[in-house]
Amino acid sequence: MSQVIRPRRLRTHSRLREMVAVSRLAASDFIAPLFVRAGKNIRQPISSMPGVFQLSVDAAVEELKHLESLGVGAYILFGVTEPSKKDAVGSYAHDADNEVCRTLKATKDAGVTMLAITDLCYCEYTSHGHCGPLKLGGGVVDNDVTVEQLGRQAVLHARCGADMVAPSGMMDNMIAGIREALDQEGKLDTAIMSYAVKYASSFYGPFREAAESPPQFGDRKTYQMDFRGSTKEALKEAAIDVAQGADLIIVKPGTAYLDVLRAVTEAVDVPTAVYHVSGEYAMIKAAGTNGWIDEKAVVFETMHAFKRAGASAILTYYAGQLAQWLK
Ligand code: PBG
């Protein structure tokens, strides 16, 4: 019998492999997370995320000019709040002089035109480190009070120049609350990228050092999803947020949740983004630095997996590095 089917034929020539490749990466796919803190001329290393820094506002502006020159699509800001400015409800989030607001304004003033996104949450501003004010006596985040506050935070960020807000607290009905608040303010074009499908994950460990935002007691399991759950729960979360006006849906974390990313991408009629989170970054960085894996090759393989699974955008601490590699 002659063997006519030989899949290896398509792999014989590098140009042919390139031609039939489906997944493509561009610098414009990437969203670079930045941690902004008080002070001047500060680039404070984050020990569990080598190559990532807490930046003072002036240093963040310089970093963003650099990322823009590399063609990175967007940035997303996280505030690092001094302990003395934190309180039970996260008031500092509503201060127009906080680091996130000042970075937005300074970056626009510096002529940077990258898409400006802000993370909307309270864990970076509350003394207890939970993602919103707590119910009296209960130690549980008060959903509806948090949603109301999120609307205020969104409006503030939009006024300061955010093109898009990304609520990450997994509160029920947060998109409806934020959309209504933005629209009442006339911010009809401020987009919402919802962390609609976010699991209670140990891969967030290094982020909590970076943002100085670990919960002071308990965990986030009463609002973030249980990874043992059915994919249907992810589809439901995504559908609710799309119905409430989410313009993009984030699945988070990435590598261990490719099945969810694929399912959500197929189910919704808006683009999906995936968050390659701090722990995923740290693992590749550590193994790469030790010479145990080829860092660059593993990063590309991971990013292509996200694209193959359906992601349009990728939030990753490798954004700048990837843009450089792609040049
Ligand atoms: C805030 C938030 C977290 C991350 C993004 N936004 C931490 C958390 O939910 O505990 C994690 C990002 C990362 O690990 O890179 N709610």
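Structure's up top.
Colleague: What am I meant to see in the nonpolar core here?
Modeller: For soluble globular proteins, the rule of thumb is that nonpolar side chains tend to be buried together. Of all hydrophobic cores here, the largest spans 104 residues; its most connected members are Phe-35, Ile-178, Met-193, Val-197 and Val-264. No other element matches the seven residues that helix α4 (residues 143–160) contributes to this core.

Colleague: What should I look at first to understand the pairing of strand β9 (residues 272–276) in this one?
Modeller: Side chains on a regular strand alternate between the two faces of the sheet. Counted residue by residue, β9 has five buried out of five residues, so it is predominantly covered. On β9, burial covers both faces: Thr-272, Val-274 and His-276 on one face and Ala-273 and Tyr-275 on the other are all buried. As paired elements, strand β8 (residues 248–252) and β9 share three bridges and run parallel to each other. If you follow Ile-250 over to β9, its bridge partner there is Ala-273. You can see the chain leave β8, run along helix α8 (residues 258–267) and come back into β9, and the turn it takes is right-handed. Relative to strand β10 (residues 313–316), β9 runs parallel, the two being bridged by four bridges. Bridging across to β10, Ala-273 finds its partner in Ala-313.

Colleague: Where do I start with the site of the ligand in this structure?
Modeller: Near the ligand you find 18 residues, and of these Lys-198, Arg-208, Lys-252, Ser-278 and Tyr-317 are the closest. Residue Tyr-317 places a side-chain N or O atom 2.6 Å away from an oxygen atom belonging to the ligand. In isolation the ligand has 400 Å² of accessible area, and contact with the protein removes 100% of it. Residue classes in the shell around the ligand are distributed as nine nonpolar, three polar and six charged.

Colleague: Hey, could you run me through a nonpolar patch on the surface in this one?
Modeller: A surface patch of nonpolar side chains, about 310 Å² in accessible area, is lined by Leu-10, Met-19 and Val-20. Inspection of the secondary structure assignment puts Val-20 in helix α1 (residues 14–20). Given a relative accessible area of 42%, Val-20 falls into the partly exposed group.

Colleague: Quick question: what am I supposed to make of a positive patch on the surface here?
Modeller: On the surface, Arg-6, Arg-8, Arg-9 and Arg-11 cluster together to form a positively charged patch. Here Arg-11 shows up in the segment before α1.

Colleague: Before we go on, may I ask you to explain the pairing of strand β4 (residues 74–79) in this structure?
Modeller: Most of β4 is tucked away, with six of its six residues classed as buried. Burial of the side chains of β4 extends over both faces: Ala-74, Ile-76 and Phe-78 are buried on one face and Tyr-75, Leu-77 and Gly-79 on the other. Where strand β1 (residues 30–37) lies against β4, six bridges are found, and the strand directions are parallel. In the sheet register, Val-36 faces β4, and the bridge partner there is Gly-79. As paired strands, β4 and strand β5 (residues 115–120) are joined by four bridges and run parallel to one another. Bridge pairing in β5 places Tyr-75 opposite Ala-116.

Colleague: Mind showing me how you'd approach the packing of aromatic side chains here?
Modeller: Each aromatic ring pair is characterised by the separation of its centres together with the angle its planes make. Summed over all chains, the structure comprises twelve aromatic pairs. Between Phe-78 and Phe-207, the ring centres sit 5.1 Å apart and the planes meet at 80°, which makes this aromatic pair edge-to-face. Within this pair, whereas Phe-78 is found in strand β4, its partner Phe-207 is found in helix α6 (residues 205–210), the two being separated by 129 residues in sequence. Here Phe-78 and Phe-207 have matching classes, each one buried. Members of the aromatic cluster, connected to one another through ring pairs, are Phe-35, Phe-78, Tyr-195, Phe-207, Tyr-275, Tyr-281, Phe-300, Tyr-317, Tyr-318 and Trp-325. Stacked on the ring of Tyr-195, the Lys or Arg Lys-198 has its end atom at 5.2 Å from the ring centre. Above the plane of the ring of Tyr-204 lies Lys-252, whose end atom (NZ or CZ) is 4.5 Å from the centre.

Colleague: For this particular structure, what's the right way to read the packing of helix α10 (residues 295–308) against helix α11 (residues 319–326)?
Modeller: When two helices pack together, their arrangement is given by the angle between their axes and by how far apart the axes lie. Two numbers describe how α10 lies on α11: the axes approach to 12 Å, and their chain directions differ by 100°. The angle between α10 and α11 falls in the class roughly perpendicular. The residues of α11 that touch α10, namely those facing Lys-296, Val-299, Phe-300 and Met-303, are Leu-322, Trp-325 and Leu-326. Grouping the amino acids of the contact of α10 with α11 by side-chain chemistry returns six nonpolar, no polar and one charged.

What counts and how
- Residues numbered from 1 in each chain as written.
- Predicted model: local features only at pLDDT ≥ 70, side-chain atom pairs only at ≥ 80, totals over all residues.
- Heavy atoms only, no water.
- Core = buried A, V, L, I, M, F, W, Y, C linked by side-chain atoms within 4.5 Å.
- Buried < 20%, exposed > 50% of the residue type's maximum accessible area, 1.4 Å probe, protein only.
- Helix = DSSP H or I, 4+ residues; strand = E, 2+ residues; numbered from the N terminus.
- Pairing = 2+ DSSP bridges.
- Right-handed = clockwise from strand over helix to strand, strands pointing away.
- Near = heavy atom within 4 Å.
- Polar contact = N/O pair within 3.5 Å; in protein donor to acceptor, adjacent residues only side chain to side chain.
- Areas by Shrake-Rupley, 256 points an atom, 1.4 Å probe, with all protein chains shown as cover.
- Nonpolar A, V, L, I, M, F, W, Y, C, P; charged D, E, K, R; others polar.
- Patch = residues over 30% accessible without salt bridge, like charges linked within 9 Å, V, L, I, M, F, W, Y side chains within 5 Å.
- Salt bridge = Lys/Arg side-chain N within 4 Å of Asp/Glu carboxyl O.
- Lys, Arg positive; Asp, Glu negative; His and termini not counted.
- Charge placed at Lys NZ, Arg CZ, Asp CG, Glu CD.
- Phe/Tyr/Trp six-rings, centres within 6.5 Å; stacked < 30°, edge-to-face > 60°.
- Lys NZ or Arg CZ within 6 Å of the ring centre and 35° of its normal.
- Axes fitted to C-alpha atoms, helices over the stretch in contact; angles between N-to-C directions.
- Parallel < 35°, antiparallel > 145°, perpendicular 65-115°, else oblique.
- Contact = heavy atoms within 4.5 Å.

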